[in-house]
Amino acid sequence: MSRKYAVSHGNVTFVVGDATCLPYRNNIFDFVFDKGTMDSVLKHNTIGLLKAEKLFIDSLRVLSSNGHFFMFTDEDPDIRLPLISEFLQKIGKNIGTGISYYHIGEFCGIDYFMYVVKKV
């Protein structure tokens, strides 16, 4: 598959890696998108929370100053906002300017949200 898309979209590179230890140097991307990865990681009973924290921390590590981390999920703000806040507190207050979230819409009776953290 990577050959197919690399040929048809010459500037696209596919990388297989661990989302908790991204194979990129610090401060390289303006945007990081998470569409369901954190949700999947959090489902693991014993190490899900630890892995989710590592995923979040490493996503912010590769973000440039003023970069944005976007998370798309069906997780309600009452649950997801405290989790993101806890992760930010562990990193240190100087990394993020806060969290915003938006209700994207509903599909088949499920509400979807986008959470945004801006790195400073």
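Shown above is the structure to which this text applies.
Residues numbered from 1 in each chain as written. Predicted model: local features only at pLDDT ≥ 70, side-chain atom pairs only at ≥ 80, totals over all residues. Heavy atoms only, no water.

Q: What's the story with the side chain of Thr 20 in this structure? I'm lost.
A: By secondary structure assignment, the location of Thr 20 is in the loop between helix H1 (2-8) and strand S1 (29-35). Relative accessible area serves as the criterion here: at 16%, Thr 20 is assigned to the buried category. Of note is the side chain of Thr 20, whose polar atom sits 2.7 Å from the side chain of Asp 18. (Helix = DSSP H or I, 4+ residues; strand = E, 2+ residues; numbered from the N terminus. Buried < 20%, exposed > 50% of the residue type's maximum accessible area, 1.4 Å probe, protein only. Polar contact = N/O pair within 3.5 Å; in protein donor to acceptor, adjacent residues only side chain to side chain.)

Q: How should I be thinking about the side chain of Thr 73 in this particular structure?
A: Locating Thr 73 in the fold gives a position in strand S2 (residues 63-73). A polar side-chain atom of Thr 73 sits 3.0 Å from the main-chain amide nitrogen of Glu 75. With sequence-adjacent residues up to four places away left out, Thr 73 is seen in contact with Asp 39, Arg 80, Asp 111, Tyr 112, Phe 113 and Tyr 115. (Contact = heavy atoms within 4.5 Å.)

Q: Whenever I open this one, the nonpolar core confuses me. Can you help?
A: Where a protein is soluble and globular, its nonpolar side chains tend to be buried together. Met 38, Phe 56, Leu 60, Phe 69, Ile 84 and Val 117 are the most contacted members of the largest nonpolar core, which totals 18 residues. Residue assignment for this core shows that the elements contributing at least two residues are helix H2 (37-42), helix H3 (48-62), S2, helix H4 (77-91) and strand S4 (110-119). Counting residues per element, this core draws most heavily on H3, at five residues. (Core = buried A, V, L, I, M, F, W, Y, C linked by side-chain atoms within 4.5 Å.)

Q: Sorry, what's going on with the environment of Val 116 here?
A: Within the element layout of this structure, Val 116 appears in strand S4. Here the alpha-carbon distance between Val 116 and Phe 70, two residues 46 residues apart in the chain, equals 4.8 Å. Apart from the residues lying within four places of it in its own chain, the contact partners of Val 116 are His 68, Phe 69, Phe 70, Gly 98, Ile 99, Ser 100 and Tyr 102.

Q: Please explain a negative patch on the surface as it appears in this structure.
A: The grouping of Asp 76, Asp 78, Glu 106 and Asp 111 at the surface amounts to a negative patch. You can see Asp 111 is positioned in strand S4. Classification of Asp 111 by relative accessible area gives partly exposed; the value is 33%. (Patch = residues over 30% accessible without salt bridge, like charges linked within 9 Å, V, L, I, M, F, W, Y side chains within 5 Å. Areas by Shrake-Rupley, 256 points an atom, 1.4 Å probe, with all protein chains shown as cover. Salt bridge = Lys/Arg side-chain N within 4 Å of Asp/Glu carboxyl O. Lys, Arg positive; Asp, Glu negative; His and termini not counted. Charge placed at Lys NZ, Arg CZ, Asp CG, Glu CD.)

Q: Sorry if this is basic, but what is going on with the packing of aromatic side chains here?
A: The geometry of an aromatic ring pair comes down to the distance between the two centres and the angle between the two planes. Taken as a whole and assessed by the stated rule, the structure comprises ten aromatic pairs. Summarising the aromatic geometry, the rings of Tyr 24 and Phe 29 are spaced 4.9 Å apart at their centres and angled 85 degrees between planes, so their arrangement reads as edge-to-face. Owing to a relative accessible area of 29%, Phe 29 belongs among the partly exposed residues under this scheme. Ring geometry for Phe 31 against Phe 70: centres 5.9 Å apart, planes inclined by 35 degrees, an arrangement best described as tilted. With Phe 31 in strand S1 and Phe 70 in strand S2, this residue pair connects regions lying 39 residues apart in the sequence. Given a relative accessible area of 47%, Phe 31 falls into the partly exposed group. Pairwise contacts between aromatic rings join Phe 31, Phe 33, Phe 70 and Phe 72 into one cluster. (Phe/Tyr/Trp six-rings, centres within 6.5 Å; stacked < 30°, edge-to-face > 60°.)

Q: Explanation requested: unusual backbone geometry in the structure shown.
A: Trans peptide bonds make up the majority, and among non-glycine residues the majority have a negative phi. At Asn 27, a residue that is not glycine, the phi angle is positive and equals roughly 55 degrees. With respect to the element layout, Asn 27 can be found in the loop between H1 and S1. Overall, the relative accessible area of 43% leaves Asn 27 in the partly exposed class. Residues other than glycine seldom take positive phi values, yet Asn 66 does so here, at roughly 70 degrees. If you trace the backbone, Asn 66 turns up in strand S2.

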